[in-house]
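Below, each chain spelled out in residue letters.
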Amino acid sequence: MSTIYEIAKIAGVSPTTVSKVINNYPDVSDKTRAKIKKILDEENFLPSPQAQFLSTKKTWTLGIVYFENLGVGLTHPFFSGVIEAFKRQADKYGYSLLFGSKNDRLKNDTFLEYFKYKSVDGIAIICTDPNDKETLELIESDFPIVVIDMFNEDTSTVASDNMEGCYLAVKYLYDLGHRRIAHIIGASKSDNWASNIRRKGYEKAMERLGLEVIDGYIADGINFDVSGGYRAMKELLKLKEIPTAVFAAADKIALGAIDALKDEGLSVPGDISIVGFDDIELARYVTPRLTTIRQNREEIGKTAVDLLVKQINGKTKLKINKIIPVELIERNSCKRIE
């Protein structure tokens, strides 16, 4: 395999210029960059990690860790989509990903200890609990940090515009003639940020439209899952004044609510209209196809990497809170009423 000096000789440039191309520095012309990359490919050149570290003082690795207290994990379509987008953007910058581990062999008790041992350049945290001790420990560390799906003034964060999404959902139902609009929250745990912000968004939207939140109209989705939505819908159906529409804090909750209505011999949207939140892939294939609020998973993952790399290259921690726009996706689970 050719060395960096041999690559430079073939390209007719300095070894420094080749190094800049390898390490994705911007101050190389597109023409020269393309020429060097072509030679690197032809020569099957692979830079050694040790040499890269000596020249850039970087390990070219981003840590990523997930904190949640519902047992949902990374199998949730929203989080898996965000991480896939995060990986694609990290690849463009030349970074590899390292998932946090409490490693018995290394005897590390915290994720911070693990990332210190691995000398990552920055850390992305996916978190649902703003009071999680390990999250706060990472935020207070010297590492460049970005937190995904949460807001925190003490660090950089990326999250969807949850408040606007809730307003879009409730306003859509309002415009269809609905006035008795219930909400199924995402989680029964009081420290779940996404659940809390969407409940707040629902309440604000109802107030803004002059609608009353009838007693019992905020039901517990328990765990952002189908089972929680099913149980919550059953509870709503026991009320004296049954809602004509339900806004669910997540698509999986909405799907559970639809199942509960079907089991009771009711139809969607014939008897009750349903709106979800997320726009997971399944939402477009169920019957009826689910009207929902789409979160831009691609933009969330991309923006998180951009914020981390900006901190790494600037050698400073930033406190930038990015809000990613959402949109209403209209399908077949809602109907107009008089």
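Provided above is the structure to which this section pertains.
K.L.:
How should the sheet that holds strand β10 (residues 291-294) be read in this particular structure?
P.N.:
Picture the strands of a sheet paired through backbone hydrogen bonds; they go either parallel or antiparallel. One open sheet accounts for six strands, arranged β7-β6-β8-β9-β10-β12; its pairing is mixed. Either end of the sheet is taken by a strand with one partner, and the two such strands are β7 (218-220) and β12 (327-329). Averaged over all pairs of adjacent strands, the angle between their axes in this sheet comes to 20°, without regard to strand direction. Bridging between strand β6 (residues 181-185) and strand β8 (residues 245-248) involves four bridges; their strand directions are parallel. Across the sheet, Ile 181 pairs through a bridge with Ala 245, a residue of β8. Relative to β6, helix α9 (residues 193-208) is tilted by about 170°, and along the sheet it contacts β6, β7, β8 and β9 (273-278).

K.L.:
Looking at this model, I keep getting lost on the sheet that holds strand β3 (residues 122-127). Mind explaining?
P.N.:
Ordered in space as β2-β1-β3-β4-β5-β11, the six strands form an open sheet in which the pairing is parallel. Two strands lie at the open edges of the sheet, namely β2 (96-99) and β11 (321-324), each paired on one side alone. Ignoring strand direction, the axes of neighbouring strands in this sheet form an average angle of 20°. As paired strands, β3 and strand β4 (residues 145-148) are joined by four bridges and run parallel to one another. Looking at the pairing, Ile 125 lines up with Val 147 of β4. Across the sheet, helix α6 (residues 111-118) lies against β1 (61-67), β2 and β3, angled at about 170° from β1, the strand it touches most.

K.L.:
Could you clarify how one ought to interpret the packing of helix α5 (residues 77-93) against helix α12 (residues 297-314) in this entry?
P.N.:
Each pair of packed helices gets described by two things: the angle between the helix axes and the distance between those axes. Running from N to C, α5 and α12 point in directions that differ by 45°, and their axes come no closer than 7 Å. Between α5 and α12, the interaxial angle falls into the category oblique. Considering the relative orientation of α5 and α12, their crossing is right-handed. Touching Pro 77, Phe 78, Gly 81, Val 82, Ala 85, Phe 86, Arg 88, Gln 89, Ala 90 and Tyr 93 of α5 are Arg 297, Glu 298, Ile 300, Gly 301, Lys 302, Ala 304, Val 305, Asp 306, Leu 308 and Val 309, all from α12. Counted by class, the contact of α5 with α12 contains 12 nonpolar, three polar and five charged residues.

Thresholds, definitions, all that
Residues numbered from 1 in each chain as written. Predicted model: local features only at pLDDT ≥ 70, side-chain atom pairs only at ≥ 80, totals over all residues. Heavy atoms only, no water. Pairing = 2+ DSSP bridges. Helix = DSSP H or I, 4+ residues; strand = E, 2+ residues; numbered from the N terminus. Axes fitted to C-alpha atoms, helices over the stretch in contact; angles between N-to-C directions. Contact = heavy atoms within 4.5 Å. Parallel < 35°, antiparallel > 145°, perpendicular 65-115°, else oblique. Left-handed = near helix turned anticlockwise from the far one by under 90°. Nonpolar A, V, L, I, M, F, W, Y, C, P; charged D, E, K, R; others polar.

Interpretation note: all reported values are geometric properties and have no functional meaning in isolation.
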